[in-house]
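Letter by letter, the chains look like this.
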Amino acid sequence: MKSSPEVSSINQDALFLTARATELFVQYLASYSYKHGRGKEKRALTYSDLSHTAEECETFQFLADILPKKILASKYLKMLEKEKRDGEVKEEEKEEEEDESEEDAES
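The name that an unreviewed UniProt entry assigns to the chain is Chromatin accessibility complex protein 1, with the source organism given as Alligator mississippiensis. Per its UniProt entry, the chain bears the Function (unreviewed entry) comment "Forms a complex with DNA polymerase epsilon subunit POLE3 and binds naked DNA, which is then incorporated into chromatin, aided by the nucleosome remodeling activity of ISWI/SNF2H and ACF1. Does not enhance nucleosome sliding activity of the ACF-5 ISWI chromatin remodeling complex."

Quick look at the structure:
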């Protein structure tokens, strides 16, 4: 908050309450993830527990983009390649449809 150029001054009480609310939120996220994750078996909280919670629990779904499930780089590259191929196929289909509609309009 202090680093924002739009904010000239911050009330100390507001700063304290924001910091405390953040602490409580992180504590709740961690305890929920620990209770519902696989880390209990190892007595540890893992990244995958946090990402699973963000993906599965409605309360924490806003964190899904910040805590994505980890994937291997090779899987990610394959996903990108597949999306690229799918995108090219869709573009070709669109062009064919446009060509057909133009031919129909000319007839």
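## Remarks on the overall build of the chain
For the chain, the count of helices and strands is 4 helices and 0 strands. When the 107 residues of the chain are sorted by exposure, 12% land in the buried category. For the chain, the exposed surface amounts to about 9400 Å²; the carbon and sulfur share of it is 52%.

## Considerations on the packing of aromatic side chains
Taken as a whole and assessed by the stated rule, the structure comprises 5 aromatic pairs. Ring centres of Phe25 and Phe60 lie 5.9 Å apart, and the angle between their planes is 55°; on these two criteria the pair is classed as tilted. Placement of the pair is Phe25 in helix α1 (residues 12-36) and Phe60 in the loop between α3 (47-56) and α4 (73-106), with a sequence separation of 35 residues. Summarising the aromatic geometry, the rings of Phe25 and Phe62 are spaced 6.1 Å apart at their centres and angled 40° between planes, so their arrangement reads as tilted. Of this pair, Phe25 sits in helix α1 while Phe62 sits in the loop between α3 and α4, and the two are 37 residues apart along the sequence.

## Section: the pattern of salt bridges
As enumerated under the stated definition, the model contains 1 salt bridge in all. The shortest N-O distance in the salt bridge between Glu23 and Arg20 comes to 3.1 Å. With Glu23 and Arg20 both in helix α1 and 3 residues apart, this pair spans about one turn of that helix. Exposure remark for Glu23: the relative accessible area of 47% places this residue in the partly exposed category.

## Structural notes on α1
Every α-helical turn comprises 3.6 residues, leaving residues that sit three or four positions apart pointing alike. For α1, with 25 residues, the first-to-last C-alpha span of 36 Å sits near the 36 Å given by 1.5 Å per residue. By the N-cap criterion, in which a side-chain oxygen at the helix start approaches the backbone nitrogen of a residue two or three places on, α1 is capped by Asn11, the distance to Asp13 being 2.7 Å.

Calculation criteria
Residues numbered from 1 in each chain as written. Predicted model: local features only at pLDDT ≥ 70, side-chain atom pairs only at ≥ 80, totals over all residues. Heavy atoms only, no water. UniProt positions renumbered as here; feature names shortened; annotations may be inferred. Helix = DSSP H or I, 4+ residues; strand = E, 2+ residues; numbered from the N terminus. Buried < 20%, exposed > 50% of the residue type's maximum accessible area, 1.4 Å probe, protein only. Areas by Shrake-Rupley, 256 points an atom, 1.4 Å probe, with all protein chains shown as cover. Phe/Tyr/Trp six-rings, centres within 6.5 Å; stacked < 30°, edge-to-face > 60°. Salt bridge = Lys/Arg side-chain N within 4 Å of Asp/Glu carboxyl O. Expected span 1.5 Å × (residues − 1). Polar contact = N/O pair within 3.5 Å; in protein donor to acceptor, adjacent residues only side chain to side chain.

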